[in-house]
Amino acid sequence: MYPNSKEDKWKRKYEEWGSDWEIKREEMLQELVEIIQRANLICIGAVVDARCYRELLQDPGYTLHWNDSNVFAFHHIIMSGISRVETVNMRSPIT
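**Student:** I'd love a proper account of the pattern of salt bridges, names of residues and values included.
**Tutor:** Enumeration over the complete set of coordinates arrives at 3 salt bridges. The partner of Glu7 in a salt bridge is Lys11, with the nearest N and O atoms 3.4 Å apart. Classification of Lys11 by relative accessible area gives buried; the value is 19%. One salt bridge connects Glu16 with Lys13, and the closest N-O pair in it is separated by 3.3 Å. Of the two residues, Glu16 and Lys13 are both situated in helix 1 (residues 9–17); the distance of 3 residues between them amounts to about one turn of the helix. By relative accessible area, Lys13 is classed as partly exposed at 27%.

**Student:** Which residues make up the packing of aromatic side chains, and what values do they have?
**Tutor:** Two descriptors summarise a pair of aromatic rings, namely the distance from one centre to the other and the angle between the planes of the rings. Inspection of every chain in the model, using the stated rule, returns 3 aromatic pairs. With centroids separated by 6.3 Å and ring planes inclined at 70 degrees, the aromatic side chains of Trp10 and Trp21 adopt a geometry described as edge-to-face. With Trp10 in helix 1 and Trp21 in helix 2 (residues 21–39), this pair connects stretches of sequence that are 11 residues apart. Look at Trp10 and you get partly exposed, because its relative accessible area is 43%. Note on Trp21: relative accessible area 6%, which makes it buried. Look at Trp17 and Trp21: their rings are 5.5 Å apart centre to centre, the planes differ by 35 degrees, and that puts the pair in the tilted class. Feature note: the residues Trp10, Tyr14, Trp17 and Trp21 constitute an aromatic cluster, connected by ring pairs.

**Student:** Help me get a handle on a nonpolar patch on the surface, residues and values and all.
**Tutor:** A surface patch of nonpolar side chains, amounting to about 300 Å² of accessible area, comprises Phe74, Ile78 and Met79. You can see Ile78 is positioned in helix 4 (residues 69–88). Classification of Ile78 as partly exposed rests on a relative accessible area of 36%.

**Student:** Could you give an account of the confidence of the model for the protein, naming the residues involved and the relevant values?
**Tutor:** Across the protein, the average pLDDT comes to 78, with 77% of residues at 70 or higher. For the protein, helix 4 is the element with the lowest average pLDDT, namely 76, and helix 2 is the one with the highest, namely 90.

Analysis parameters
- Residues numbered from 1 in each chain as written.
- Predicted model: local features only at pLDDT ≥ 70, side-chain atom pairs only at ≥ 80, totals over all residues.
- Heavy atoms only, no water.
- Salt bridge = Lys/Arg side-chain N within 4 Å of Asp/Glu carboxyl O.
- Buried < 20%, exposed > 50% of the residue type's maximum accessible area, 1.4 Å probe, protein only.
- Helix = DSSP H or I, 4+ residues; strand = E, 2+ residues; numbered from the N terminus.
- Phe/Tyr/Trp six-rings, centres within 6.5 Å; stacked < 30°, edge-to-face > 60°.
- Patch = residues over 30% accessible without salt bridge, like charges linked within 9 Å, V, L, I, M, F, W, Y side chains within 5 Å.
- Areas by Shrake-Rupley, 256 points an atom, 1.4 Å probe, with all protein chains shown as cover.
- pLDDT = per-residue confidence, 0-100.

This is the structure in structure tokens:
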């Protein structure tokens with residue numbers, strides 16, 4: 001949503017799109033919504049508290065296997081999703 005807040009590929013895309021950034025961003029997000037709706041999927045997401053995550057990294061007694069918050073968030077999403085799907089139906093396919 002705010003690519004100018006850090007230096008990455010989205011910031012370069014933001015600069016490339018210039019004044020069209022918000023329009024194109026919204027169109028891209030709307031297209032993603034439509035793809036998800038047509039796919040007949042249940043979507044599960046998670047938010048990672050960045051400050052808390054950084055504190056975990058500094059705690060020598062805490063073992064975190066990956067030093068990337070994206071991997072941490074992805075792992076949390078997958079595990080939470082599996083748990084929630086199994087709550088509803090143990091035989092549901094998870095892909």
